[in-house]
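A closer look at the structure
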Amino acid sequence: MNLILFLEAICIFLFGQVMQCSAALDVLFALDGSHSIGKGSFERSKYFAIKLCDTLTIDPDKVRVGVLQFSSIPQLEFPLDSFYTREEVKEKIKKTVFKGGSTETGLALKYLLHKGFPGGRNSSIPQILVIVTDGKSQGNIALLAKQLKEKGVVVFAVGVRFPRWTELHILASEPKDQYMLFAEHVDDATNGLYSTLSSLGICNATAPGCRIEPHLCERKTLETIREVTGNSLCWRGSKKTNAVISSLCPFYSWKKVFITHPATCYRTVCPDPCDSQPCQNGGTCVLEGLDKYHCLCPFGFGGEANCAPKLSLECSVNILFLLDSSSGTTLEGFLQAKAFLKRFVQAVVNMDSPVNVAVAQYSQEVEIPIQMGEYEDVPSLMKSLDRMHFTGGATLTSRALEYVTDHGFRDTLPLGETHDPQPRRVVVLLTDSRSQDLVAGSVKYARDRNLFLIGVGSEFLRAELEEITGNPKQVITYSNPQDLFNKIPELQKKICTLQKPGCQSQSLDLVFLLDASATMGQENFLKVQSFVRESSLQFNINRDVTQIGLVVYGRRVQTTFALDTHPTSSSLLQAINQAPYLGGTGSTGSALLHVYDEVMTVQKGARPGVSKAVVVITEGTGTEDAVVPAQKLRNNGISILVISVGPVLKETLLRLAGSHDFLIHVPSYEDLKNYQDLFIEKICEEAKRPANLCKPSPCMNDGTCILQNGSYRCECRGWEGPHCENRILRGDSPRSHGLHQYSSNGQQGYQSQHLHLGS
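Note that the coordinates shown come from a computational prediction; the quantities given were computed from them, not determined experimentally.

At a minimum axis separation of 9 Å, helix α16 (residues 522-536) and helix α17 (residues 569-577) run at an interaxial angle of 170°. Relative to α17, the element α16 lies roughly antiparallel. Residues Q529, V532, R533 and S536 of α16 lie in contact with α17, whose contacting residues are L572, L573, I576 and N577. Of the residues assigned to the contact of α16 with α17, the class counts are four nonpolar, three polar and one charged.

In structure tokens, the structure reads:
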């Protein structure tokens, strides 16, 4: 379902701006309020209805909305002529109370057949019935559904929880694929319903550039099946007096299995300026309205609007490029390296930069055709590069390194002029063949003379380049010629500083807890916001890699967004900008308990088997009550990293952090940006630690989490479901225990096509 997540990301903003149904339309929601749905799924059904209202222009002369709840009997919550604004309808839906009872879908259909759409208009107005149910009706509904559709009612069947798709298939209008949706994927289901109405001409045509496209999708459900597990001895009566007959009788067990049904889904896809990925070099595209964007650029970029490399190096440096011209590299490899060097010089070197360049080439001999700084301008440097030719011969890399150490760097300052500190001296080795002499001695010779070595070469040379540079972070490898040219920004960063740390591959559930109290002040809160935003760029925001949540606290504690709310960097950064400043008096202890109870839970998006960390940014006020809640989080496998700002009570914050390793002291809010690398490094270390699948416990309603062969299961009491989320009702089949498999990076997987959830 990755495409569904993609559609959510690109369309959620456009729904509220472009995709508006303004036609004259009567829309009636029929919400299943039976016990088989449960209160939690009923709330999700309401949420789906509210989200759909955002795409409807609710007005007496345009779209009217009503709600019917059905269980044992149908109950009209409000007719179509009760509320004529979107805000009123949404508020009334929010206040709808779950009834409970049996699933009598047939009675709801009879109600509509006899009474029509309550508060609806004449037959010239299209009537849209949106039934949100799990499809587990107590009676036969086929004839009633057929009669309702024959009266001209358009029926959307929207599944919730683990729906019985065969019944939804009976309820839905034709063609079935366009009228069957899944409420658990709210934005996708809203898109699907709008797309169908648009294709019928009922709603407005899609916006310019938008189009309705089919794609393959899956419909999942959880079904209980009976399975023969063996035979047991049983006795039966006999016609003979005082005699019984023994025989083997079959023994059955109940299992719940996931069943998937392939289907075709039709969705509206709307392009936006970020679709073409205009931000280069790892920049993040952020939408501004419908047709504009801006790029958030990593360090070292931003020379143009789209994060092109800046046209200067931001450090004083003398660089010597050492090109391999041996037979092992070949003529093609030499020309490729020379083309890369020319493009690099054009991109990042200019006459205003505090940079001097020299170029050497080697095989069995070494020559320096371009001495350090001996060129008038960049064009003359390019002409000198053009005059370099391939030589061939043995690959004596060690000899070349020793030669350029002695002869490649001369004093580039005018006589009598001093420069303090001295520019960094950097050798960039570009090679595509293994050295034929031992490099250890010359490498030590170069390092002892404070040369900074960077190696650029094919992937198969990585081990040798790491030996030469002494640090994997000073090695750049490539897989093909185009890949080499893409490494220009990376080389630019490495020349001035080691590559900034980042968590691009570790799975992590990370929550920022920000002090938004009056003690912090709004100006300082904006600086903390900026720090969180810039730090988030160092993570791979993805539901399979890093999830980030944000909680603020002051006069109250507020979840700005949960862990699984934003699956992309773009939407995450927008949400961080919208974090509210609260004022008032803050309690760090209450905020930590809120994170424990309301944020770091499976039902709110936390993933079992994934490292978890809470980052508290505070100046120390209001932390006196935080020590015990902090220990509670740590006892449940959640690390706490404290960033203290200004003159704070270090002893209190040390108890909060639990260790010096988890406490970062920053002198002022202006200095936060200077501590970003240290913060990222500590968080990345935490992300690499093994996580306990049962800490925090994924089991709800006092269920017990039990580790079992690299997985876990929830043992429930009075509840059922994979995480004990559903109360057992009278007449239900025997409860099953959930058995889950998680890989080491926190992604959920299964050992077979059907996941058997106990027996």
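Further notes follow.
On to the confidence of the model for the protein chain. Here the protein chain averages 82 in pLDDT, while 85% of its residues score no lower than 70. In the predicted structure, residues 1-17 sits below a pLDDT of 50 and forms 43 contacts with residues beyond four places in sequence or in another chain. For residues 733-759, every residue scores under 50 in pLDDT, and the model assigns this stretch 72 contacts once sequence neighbours within four places are set aside.

Under the present numbering, the feature "domain: EGF-like" (unreviewed entry) in UniProt falls on residues 271-308 and 690-725. In residues 690-725, helix accounts for 0% and strand for 33%; the two terminal C-alpha atoms are 27 Å from one another.

The next subject is the environment of V130. Following the sequence through the fold, V130 ends up in strand β4 (residues 127-133). Looking at V130, the relative accessible area reads 0%, which means it is buried. For the pair V130 and L193, spaced 63 residues apart in sequence, the C-alpha to C-alpha distance is 9.4 Å.

Within the fold, Q538 resides in the loop between α16 and β18 (546-553). Sequence separation between Q538 and I680 is 142 residues; the distance between their C-alpha atoms is 7.6 Å.

Our next topic: the pattern of salt bridges. Taken as a whole and judged by the stated rule, the model has 23 salt bridges. Here K527 ties to E670 by a salt bridge, and the two come within 2.2 Å at their closest N and O atoms. With K527 in helix α16 and E670 in the loop between β22 (663-666) and α21 (676-687), this residue pair connects regions lying 143 residues apart in the sequence. Residue classification places K527 among the partly exposed positions, given a relative accessible area of 23%. R689 is paired through a salt bridge with E686; the nearest N and O atoms lie 2.9 Å apart. Put simply, E459, R462 and E466 are held in one network by salt bridges that share partners.

This part takes up the packing of helix α12 (residues 440-448) against helix α13 (residues 462-469). One can describe the packing of α12 onto α13 by two numbers: an axis separation of 8 Å at closest approach and a directional angle of 40°. Between α12 and α13, the interaxial angle falls into the category oblique. Of the residues in α13, those in contact with A440, V443 and R447 of α12 are E467, I468 and T469. Per-class residue counts for the contact of α12 with α13 are three nonpolar, one polar and two charged.

We now examine the state of the cysteines. Throughout the structure, instances matching the rule amount to five disulfides. Across the disulfide, C234 is cross-linked to C249 (sulfur-sulfur distance 1.7 Å). Between C234 and C249, the S-S torsion sits near 55°, and that sign places the bridge as right-handed. Residue C234 is found in strand β7 (residues 211-237), and its partner C249 is found in strand β8 (residues 244-269); the two are separated by 15 residues along the sequence. Exposure remark for C249: the relative accessible area of 16% places this residue in the buried category. In this model, C694 is linked to C705 through a disulfide, with the two sulfur atoms separated by 1.9 Å. In this structure, the disulfide formed by C694 and C705 twists by about -70° around the S-S bond and is classed as left-handed.

Read from one edge to the other, the open sheet built from six strands follows the order β3-β2-β1-β4-β5-β6, with strand pairing classed as mixed. On the outer flanks of this sheet lie β3 (74-78) and β6 (180-182), each paired with one strand and no other. Strand-to-strand, the axes of this sheet are offset by a mean angle of 25°, without reference to chain direction. Contacting β1 (25-32), β4, β5 (154-159) and β6, helix α8 (residues 186-199) crosses the sheet at an angle of about 160° to β6.

A contiguous nonpolar patch, built from L233, W235, V244 and L248 and spanning about 490 Å² of accessible area, is present on the exposed surface. Among the secondary structure elements, those contributing two or more residues to the nonpolar patch are β7 and β8. If you trace the backbone, W235 turns up in strand β7. With relative accessibility at 56%, the residue W235 sits in the exposed group.

If you trace the backbone, T405 turns up in helix α11 (residues 397-407). By relative accessible area, T405 is classed as buried at 7%. In terms of polar contacts, T405 uses its side chain to reach the backbone carbonyl oxygen of L401, at 2.7 Å. Not counting the four nearest positions on each side in its chain, T405 is found in contact with Y445, A446, R449 and L451.

The rules we used
Residues numbered from 1 in each chain as written. Predicted model: local features only at pLDDT ≥ 70, side-chain atom pairs only at ≥ 80, totals over all residues. Heavy atoms only, no water. Axes fitted to C-alpha atoms, helices over the stretch in contact; angles between N-to-C directions. Helix = DSSP H or I, 4+ residues; strand = E, 2+ residues; numbered from the N terminus. Parallel < 35°, antiparallel > 145°, perpendicular 65-115°, else oblique. Contact = heavy atoms within 4.5 Å. Nonpolar A, V, L, I, M, F, W, Y, C, P; charged D, E, K, R; others polar. pLDDT = per-residue confidence, 0-100. UniProt positions renumbered as here; feature names shortened; annotations may be inferred. Buried < 20%, exposed > 50% of the residue type's maximum accessible area, 1.4 Å probe, protein only. Salt bridge = Lys/Arg side-chain N within 4 Å of Asp/Glu carboxyl O. Disulfide = S-S within 2.5 Å. Pairing = 2+ DSSP bridges. Patch = residues over 30% accessible without salt bridge, like charges linked within 9 Å, V, L, I, M, F, W, Y side chains within 5 Å. Areas by Shrake-Rupley, 256 points an atom, 1.4 Å probe, with all protein chains shown as cover. Polar contact = N/O pair within 3.5 Å; in protein donor to acceptor, adjacent residues only side chain to side chain.

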